[in-house]
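Close look at the chain arrangement
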Amino acid sequence: MSEYNHRAIEPKWRKSWKDNKTYKVTEDTNKEKFYVLDMFPYPSGAGLHVGHPLGYIASDIYARYKRAQGYNVLHPMGYDSFGLPAEQYAIQTGQHPANTTEINIDGCLDSNGNIHTKYVLENGDIIHSALIDKSLKTNIKDSNYRDNIIIGYRNQLDQIGFSFDWSREVRTSDPKYYKWTQWIFKQIFNSWYNKSTDKAENIADLVAIFEKEGNANVNAVGEETPVFSAEEWNAWDIKKQRAILMNYRLAYLADSWVNWCPALGTVLANDEVKDGVSERGGHPVEQKLMRQWSMRITAYAERLLQGLDKIDFSDSLKEQQKNWIGKSQGASVKFEVRCSMFEVEESQTPNPKPQTPNSEHKTPNQIEVFTTRPDTIFGVSFMVLAPEHPLVNLITTPEQKDAIEAYQKQASLKSERDRQSDVKNITGAFTGAYAIHPFTGNKIPVWIGDYVLASYGTGAVMAVPSGDQRDWDFATHFGIDIPNVFEGVDISKGAFAEKEGLIANSDFLNGLKVKDAIKKAIHAIEEKGIGTGKTNYRLRDAIFSRQRYWGEPFPVYYQDEIPYLIEDADLPVTLPEVDKYLPTEDGEPPLARAENWFYKAASPTGEGKGGVDSRMEFNTMPGWAGSSWYFLRYMDPHNENEFASKDKLEYWNQVDLYIGGAEHATGHLLYSRFWTKFLHDRGFISFDEPFKKLINQGMILGRSSFVYRLAKSVGATSSIEDGKKDILPMSEVPDVFVTKRFYDIRNIVLSHQNQYTKEDHEARKEYTRYCEIVNKLEDRITEKLKLKYPDKIGSVDYCYTDISPMPIHVDISLVDNDILDIEAFKSWREEYKNAEFILEDGKYICGHEVEKMSKSKYNVQTPDELVEKFGADTLRCYEMFLGPLEQFKPWDVKGINGVNNFLRKLWRLFHQGESFNVSNEVPSKEALKTLHKTIKKISEDLDRYSFNTVVSTLMIAVNELTEQKCNNQNILEGIIILLAPYAPHISEELWEKLGHTNSITQANWPTFDPAMLVEDDFEYPVSFNGKMKFKLLLPTSLNPKEVEEEVMKFEKTIQILEGKSPKKVIVVPKKIVNVVV
RNA sequence: GCUCGAGUGGUGGAAUUGGUAGACACGCAAGACUUAAAAUCUUGUGUCCACUAGGACGUGCGGGUUCAAGUCCCGCCUCGAGUACCA
């Protein structure tokens, strides 16, 4: 066996690793730990394409590298297995999502490659949940039925040779796992956020305070709650007490405006909505007021922001989180409102309450606003309220009532999306009411307008048209005053929004710089008692309910519509069986279909009694629930008493390296940081950031191939009188495909219609030539058709002159090096079997384009076929070799041969002819130099996560050793240890052949010895005025002065200087010489 | 619009702190082996001029700092990502 044969080597070692549990890891306090984690996947039936394993390969390499360095490495994998696709499929087919999820993960084939009988019907048809393409009926008698069978995520992953400790696998949909998701929910429910200690605390402590002294001194994050005394609290019944506590809980039930997606039948979190449509599926989303569970993530806004400084995430990701949190500093100010209606309407309570978590106490005759520019308060010439603002109905004068109501109605009909796309359209209505300027006493009109959002700040703004473009536009549109409060600035064309310059026309702020004016203004506002300095966040509380089936049930039941928690002993609350996975007729979530779903246990704590009046919660938790803490469960995945033991949590601690896609920037990565901080606050874990270092892998894009089809039509050339009846059917006319050159040349000719450069002339000539070929072909086709269908009317007409040839995606498997396999293409589709081709140099050249990989573009490359053809080691190296991990890059199979050649070349270093052949002689100085510079470079590269350059370095090493004809055992052993993280199978095989009985995964990373790289000579590049002219080999022992002398003596120097003497000579030892002339 | 990131041969990319631009690989071309093909090996390959020696230009564009700039600074252009009435 002298040739490298991955088909023999790779299965052998994968079996060995499995049998010997090579990658099983236990807590070993003698070793330093290292935790390498991948974002776990949602297991879809479509399986993996080459883009998916990219991050897993990188993390696997890093895990293996750290292991070789002596770390105890935790490197687990699992599945985020709750999710929409399985549920949508369940709705369509009635299949339980647990079944399809299992199929997608485990696959349908046994170890011999035969389908499990449970997926085969009596007549041999395969049940369609086992098929990748569900629309294709497939029978086990079909010769290639395996092509359409789900291989299973796990099987696909296993082929690539990852070093995951699979004994730690978790699945979020496994009741053993979600038991603890529910348990964590209970902790969050039973917690409140104490602003004084700046952390989450047990709600029982809060109850104790209420019982003792009421809530007057409680400084908590939560809904506005009227002050009550201990006596009042103690006198209330449990229902009332529970209702009050809901204002404080970190997981709370409230009526909130939510993103309702009718097509999906559920609400979505803000990060699940993109451009006004759902991220998954692109369905429209509307605002709806619903009773929902929410998580009070806003309590953590500041800590989530500050925590970013402690963690190593990319700048762009930190930036995204910062924007999402959206901190802004300024002041909140109250404006008095004068309105004759007040006396009449004052007693009425406003409703419905908008979602304004930050709003302070308001009496009905005040409008509270938030501003970041209190320095411009003298520039206020009107106020604007959001149309939904509760004050609007109270302050509107009778004369304006109709106009206001009409506007409110119009605004409420607009979806979020319409509002966004309608930014330029300025709309609003005057309420008839006036506010009083707190400093000037001027009357300022109060308007409503939908450019003010009900959900941000207080839902109202003080409009400063001179300093804010939106206010300026509004004022200009409605003819409102624009008082200028900036010194020497022209505001006739637009607002001046810069935070620079001096303030003018502003009484006590005149002549101050913006920064100073802000301070002074806040001071004055506070002194007057009309407001305070304030910080606002854009971050909203996270909606935690989903009206779906396939998610974690809440550990919650209701009595008198008050929620109570299920006892720990009764966890997990498992998903009940339902007849359909759809909402009920009255719009309740699918879980409401479950029969007799009540909490039957009597509660020992006396809160809620259980029984048939204790219905369970019908909502389920969102996708991010299970993924917010899974990295903790890997530490102790089988623990039945705790989510993970304290010791193990302490040992494994934070994730040292986390790799995954950037699409989770504001979802998963923010939520898991939030839960980690919460668990830290409540003393369950010792750290408050989950991920120390994060790398976002870039997407691998597909390289699509195109063929160009000419437009065709069938025209009637003869009349009916000729005795011919039917018109020739279009499908009988063969398609004509032109090569890429025709397409290009046509575009060139058309884009330069009136220019007659030489190139254009050439292009025209070439184009004419092509057109003639097309004409001839057309004649030939017409003749053929006439013979075949003598009694039909019509001739073919190719519209190459006025209709552009149409680029059509063609399956990349039919194209090699842009050359189309014409025969394969003809049999690809029935409609192409008679197709004709216009070639160039006898070949059909396809066009290409880089786009996202997708089935519909026929550019998907699966790892399976590459593993089959080249081996997993080649695939692993190639995916890394492609370019920097973070970068988006096109997939192109062409280069994979080069990487495969490298492994074969490496194999040959160990062999001579047919036999394995390594020597035990003392290695040459050269070979040692090659080895040690490789050790140095690879270690440095891996330390900075430069995965691609490592492959090049290994190639260089192998090239050099081949050149040196080195087959020295010591050297080659070093090289394969360095290679092992990238190509573990071949390394294990060669390691074994070198006589080792242990696994190469136990070998130590070689140590770099600088002495091996010491050189006697250095080849100095000598440049003149910075331009390199020649190289000169000089002893490294020379000092700069001596180097200069040697250079000046050298004949080429004298030649270049032409007798002139240099102004200066710069010598950087062992780097460069620069002669300045 | 705002924020962040990126622009280097025919292609993917390398150049880590300012110090030989284009490593490594693909592709292409020529040659060797072969009846032939595949595989393998050898050589060449930034552009232009000279086609030998050599010279000029060259990292999106324009300027600057420096003995020296892909790398630092200023101003633009293009592409990508995120975000968008956030007061």
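Thresholds, definitions, all that
- All residue numbers refer to position in the chain's written sequence, counted from 1.
- Naming scheme: in the order in which they are written, chains are lettered from A and ligands are numbered from 1.
- At least 70 in pLDDT is required for a residue's local features to be given in this predicted model, at least 80 for side-chain atom pairs to be given and counted, and no such filter applies to totals for whole chains, interfaces and linings, which use all residues.
- By convention in this description, side-chain values take in all heavy atoms of the structure and omit both hydrogens and water.
- Whenever Lys or Arg places a side-chain nitrogen within 4 Å of a carboxyl oxygen from Asp or Glu, that contact is recorded as a salt bridge.
- Only protein chains enter the area calculation, which uses a 1.4 Å probe; residues under 20% of their type maximum are buried, those over 50% are exposed, and those in between are partly exposed.
- At least two bridges found by DSSP between two strands are what make those strands a pair.
- Here a strand is any run of E in DSSP of at least two residues, a helix any run of H or I of at least four, and the numbering for each starts at the N terminus.
- Axes, fitted as lines to C-alpha atoms, cover a helix only where it is in contact. Angles between the N-to-C directions of the axes lie from 0 to 180 degrees.
- By the convention used here, residues are in contact when the closest approach between their heavy atoms is within 4.5 Å.
- The pLDDT value tells you how sure the predictor is about a given residue, anywhere from 0 up to 100.
- Proximity criterion: a residue is near a molecule or strand once any of its heavy atoms comes within 4 Å of it.
- Any pair of nitrogen or oxygen atoms within 3.5 Å is treated as a polar contact; in protein, a donor-acceptor pairing is required on top of that, and neighbouring residues in sequence qualify only through side-chain atoms on both sides.
- In the scheme used here, Gly and all other residues not listed as nonpolar or charged are polar, with Ala, Val, Leu, Ile, Met, Phe, Trp, Tyr, Cys and Pro taken as nonpolar and Asp, Glu, Lys and Arg as charged.

This brings us to the pattern of salt bridges. Within the structure shown, the criterion is met by 44 salt bridges. Where Arg168 meets Asp165, a salt bridge forms, and the shortest distance between an N and an O atom there is 3.1 Å. Each member of the pair Arg168 and Asp165 is classed as buried. Close ionic contact of Asp255 with Arg291 constitutes a salt bridge, the shortest N to O distance being 3.8 Å.

The strands making up a sheet associate through hydrogen bonds between their backbones, and the pairing can be parallel or antiparallel. Read from one edge to the other, the open sheet built from four strands follows the order β2-β1-β22-β23, with strand pairing classed as parallel. Every interior strand has two partners, whereas the edge strands, β2 (72-74) and β23 (694-696), have only one. Averaged over all pairs of adjacent strands, the angle between their axes in this sheet comes to 15°, without regard to strand direction. Here three bridges tie strand β22 (residues 657-660) to β23, and the two strands are oriented parallel to one another.

Moving on, we get to the sheet that holds strand β41 (residues 1072-1076). Spatially, four strands are ordered β39-β38-β41-β40 in an open sheet, and the strand pairing comes out mixed. At either margin of the open sheet sits one strand with a lone partner, and together these are β39 (1027-1035) and β40 (1064-1068). With direction set aside, neighbouring strand axes in the sheet form an average angle of 20°. Strand direction decides the pairing type here: β40 and β41, joined by five bridges, are antiparallel. Looking at the pairing, Lys1064 lines up with Val1076 of β41.

With respect to the element layout, Phe370 can be found in strand β12 (residues 366-371). For Phe370, a relative accessible area of 11% translates into the label buried. Here the alpha-carbon distance between Phe370 and Glu762, two residues 392 residues apart in the chain, equals 68 Å. With residues near it in sequence (within four places) discarded, Phe370 still touches Ser328, Gln329, Gly330, Ala331, Ser332, Tyr456, Thr458, Ala460, Lys534 and Asn536.

Chain-level pLDDT for chain A is 86 on average; 93% of the residues reach the 70-or-more range. Scored below 50 in pLDDT, residues 340-363 shows 35 contacts in the model against residues more than four places distant or in partner chains.

Near RNA strand B, the surroundings consist of 53 residues, among which Thr372, Arg470, Arg538, Leu882 and Arg904 are the closest. Sugar and phosphate atoms represent 62% of those atoms of RNA strand B found within 4 Å of the protein. Between RNA strand B and the protein, one listed contact pairs a sugar or linking oxygen with a backbone N or O atom of Tyr451 at 3.1 Å. Here the surface near RNA strand B takes six residues from helix α29 (residues 947-963), the largest share from any one element. Taken together, the residues of the surface near RNA strand B break down into 18 nonpolar, 17 polar and 18 charged.

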